[in-house]
Amino acid sequence: MNAMQGLRSAVRALLLLIAVASASSALAHDSRPAYLQITETTPGRYDVVWRTPLLSGMRLPVVVRFPAGTRFVTGPNERDFADSVMERSVIEVDGGLEGKRVAFVGMEATITDVLARVQLKGGEASTTLVRSSQPWVEIASTPGSASVFTAYVQHGIEHILLGVDHLLFVFGLMLIVRTPWMLLKAITAFTVAHSITLAVATLGYGHVPEAPMNAAIALSILFLGPEIVRAWRGESSFTIRHPWVVAFAFGLLHGFGFASGLTALGLPQGDIPLALFAFNVGVEIGQLAFVALILLLVRAFRVLEVHWSKAMELAPAYLVGSLGAFWTLQRIAVMLGRG
């Protein structure tokens, strides 16, 4: 069994797992975190922005609970967006928030994290990714900028690993390539391309509406299905001969998808450069971990000398194409429904 046959065997097994996971994949992009921003304007007084995503049109059932001694000076005043609800308020806290906890009631029952950014007067901003296993953030009196980097790296890793459609596209590329060198070029081209559009979208130089973008990403997966069949039949096409070109072209599109996980938070402008870099690092860590897992499985299947029937040879190709077709139709329906 050669390396590419081993790759096909590994992917067959993993694609069966993806088929099971695909039922929940529609929520992958909707599982973006909620966002809490607390800015101290005068000692003990804070501007608060609380933004919660909409999941299937429903507001995330999480409520912010401030420590005892908190008074609302104004608000909360709500504003509705297509994908979220934002509340603005001004609070006063006896003795200030330093050393106290802000809790997120109801978070334990969700799969959504909270990105909490705290700016104390005269100090650095701190950013924390709060998880449902520990649904609170403790306000440190001496926050450091390293927390911003760590939080966005974690968010980047989560975004790519929850993005089943992005991972399935990488799967498809790995099924088409014929040599390790070709695989390296394809993955590198995909990385460079999505890094470009991630930066373009995050910095505000370009924008693609979310619904058409998600439909186009699904279409890119559908496109790979027939190409995988051609490759396994020994046929040729532009995609098979130059997969890195196709990876780069579709990578530009997928980059806008990655950007949606960052820009939807409505982050303060001052955090954008560091957040962009850290988030992209997280995406690359998650992507490389995924590719490494596939390559490890390739090795395992070669050692075990696993053999597959003729019918199973093309199963992954048809599964990639079928899921791509399903997601394309699903997302076009969502797009037309919003129209």
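Residues numbered from 1 in each chain as written. Predicted model: local features only at pLDDT ≥ 70, side-chain atom pairs only at ≥ 80, totals over all residues. Heavy atoms only, no water.

Trainee: Summarise the pattern of salt bridges; cite the residues concerned and give the values.
Mentor: Per the counting criterion, the structure on display carries 10 salt bridges. Measuring nitrogen to oxygen at the nearest pair gives 3.5 Å for the salt bridge that ties Arg101 to Glu138. On the criterion of sequence distance, the pair formed by Arg101 in strand β7 (residues 101-105) and Glu138 in strand β10 (residues 136-138) is long-range, its members being 37 residues apart. When its relative accessible area of 44% is taken as the criterion, Arg101 is described as partly exposed. Looking at Glu138, the relative accessible area reads 47%, which means it is partly exposed. For Glu227, the salt bridge goes to Arg230, with nearest N and O atoms at 2.6 Å. Within this pair, Glu227 and its partner Arg230 are both found in helix α5 (residues 210-232), separated by 3 residues, close to a single helical turn. Owing to a relative accessible area of 7%, Glu227 belongs among the buried residues under this scheme. Using a relative accessible area of 32% as the deciding quantity, one classes Arg230 as partly exposed. Taken together, the shared-partner salt bridges connect Arg45, Arg71, Glu92 and Asp94 into one network. (Salt bridge = Lys/Arg side-chain N within 4 Å of Asp/Glu carboxyl O. Helix = DSSP H or I, 4+ residues; strand = E, 2+ residues; numbered from the N terminus. Buried < 20%, exposed > 50% of the residue type's maximum accessible area, 1.4 Å probe, protein only.)

Trainee: Run through the sheet that holds β7, naming residues and quoting values.
Mentor: With antiparallel pairing, 3 strands are arranged side by side in an open sheet as β4-β7-β10. A strand with exactly one partner marks an edge of an open sheet, and here the two such strands are β4 (63-65) and β10. Strand-to-strand twist in this sheet, taken as the mean axis angle between neighbours without regard to direction, amounts to 15°. Examined bridge by bridge, β7 and β10 share 3 bridges and lie antiparallel to one another. (Pairing = 2+ DSSP bridges. Axes fitted to C-alpha atoms, helices over the stretch in contact; angles between N-to-C directions.)

Trainee: Any details on the packing of helix α3 (residues 164-176) against helix α8 (residues 272-304)? Residues and values, ideally.
Mentor: Two measures define how a pair of helices packs: the angle their axes make with one another and the distance between the axes. Relative to each other, α3 and α8 sit at 45°, their axes nearing to 11 Å. Here α8 runs oblique to α3, going by the angle between their axes. The two elements α3 and α8 meet at a crossing, and its hand is right-handed. Across the interface between the two elements, Leu167, Val170, Phe171 and Met174 from α3 touch Gln287, Phe290, Val291, Ile294 and Leu295 from α8. Of the residues assigned to the contact of α3 with α8, the class counts are 8 nonpolar, 1 polar and no charged. (Parallel < 35°, antiparallel > 145°, perpendicular 65-115°, else oblique. Left-handed = near helix turned anticlockwise from the far one by under 90°. Contact = heavy atoms within 4.5 Å. Nonpolar A, V, L, I, M, F, W, Y, C, P; charged D, E, K, R; others polar.)

Trainee: Just give me the short version of the pairing of strand β8 (residues 114-119), but keep the residues and values in it.
Mentor: The buried fraction of β8 is high, at 5 of 6 residues. Taken together, the 6 bridges between strand β1 (residues 34-42) and β8 define a ladder with parallel strand orientation. From the neighbouring strand, Leu36 faces β8, where its bridge partner is Ala116.

Trainee: Would you mind going over the pairing of strand β6 (residues 84-93) in detail, with residue names and values included?
Mentor: For β6, the buried fraction is high: 8 of the 10 residues fall into the buried class. Taken together, the 8 bridges between strand β5 (residues 70-80) and β6 define a ladder with antiparallel strand orientation. Its bridge partner lying in β6, Thr74 is registered against Val90.

Trainee: Can you explain the confidence of the model for the protein? Please cite residues and give values.
Mentor: Across the protein, pLDDT averages 80, with 82% of residues at or above 70. Scored below 50 in pLDDT, residues 15-30 makes 27 contacts in the model with residues more than four places away or belonging to other chains. (pLDDT = per-residue confidence, 0-100.)

Trainee: Please set out the packing of aromatic side chains residue by residue, giving values where relevant.
Mentor: If you walk through the whole model with that rule in mind, you get 7 aromatic pairs. Summarising the aromatic geometry, the rings of Phe169 and Phe250 are spaced 5.8 Å apart at their centres and angled 75° between planes, so their arrangement reads as edge-to-face. You can see Phe169 sitting in helix α3 and its partner Phe250 sitting in helix α7 (residues 243-263), a full 81 residues away along the chain. For the ring pair Phe223 and Phe250, a centre distance of 5.5 Å and an interplane angle of 55° mean the geometry is tilted. Of this pair, Phe223 sits in helix α5 while Phe250 is found in helix α7, placing the two residues 27 residues apart along the sequence. Pairwise contacts between aromatic rings join Phe169, Phe190, Phe223 and Phe250 into one cluster. (Phe/Tyr/Trp six-rings, centres within 6.5 Å; stacked < 30°, edge-to-face > 60°.)

Trainee: Quick one: what's the story with the environment of Thr70, residue by residue and with numbers?
Mentor: Along the chain, Thr70 turns up in strand β5. Each C-alpha atom, one on Thr70 and one on Leu97, is 9.3 Å from the other, the two residues being 27 residues apart in sequence. Those residues in contact with Thr70 that sit more than four places away from it in its chain are Ile91, Glu92 and Val93.

Trainee: Would you mind going over α8 in detail, with residue names and values included?
Mentor: For α8, spanning 33 residues, the distance from its first C-alpha to its last is 48 Å, which sits close to the expected 48 Å at 1.5 Å a residue. Glu305 lies just past α8 and shows a positive phi near 55°. (Expected span 1.5 Å × (residues − 1).)

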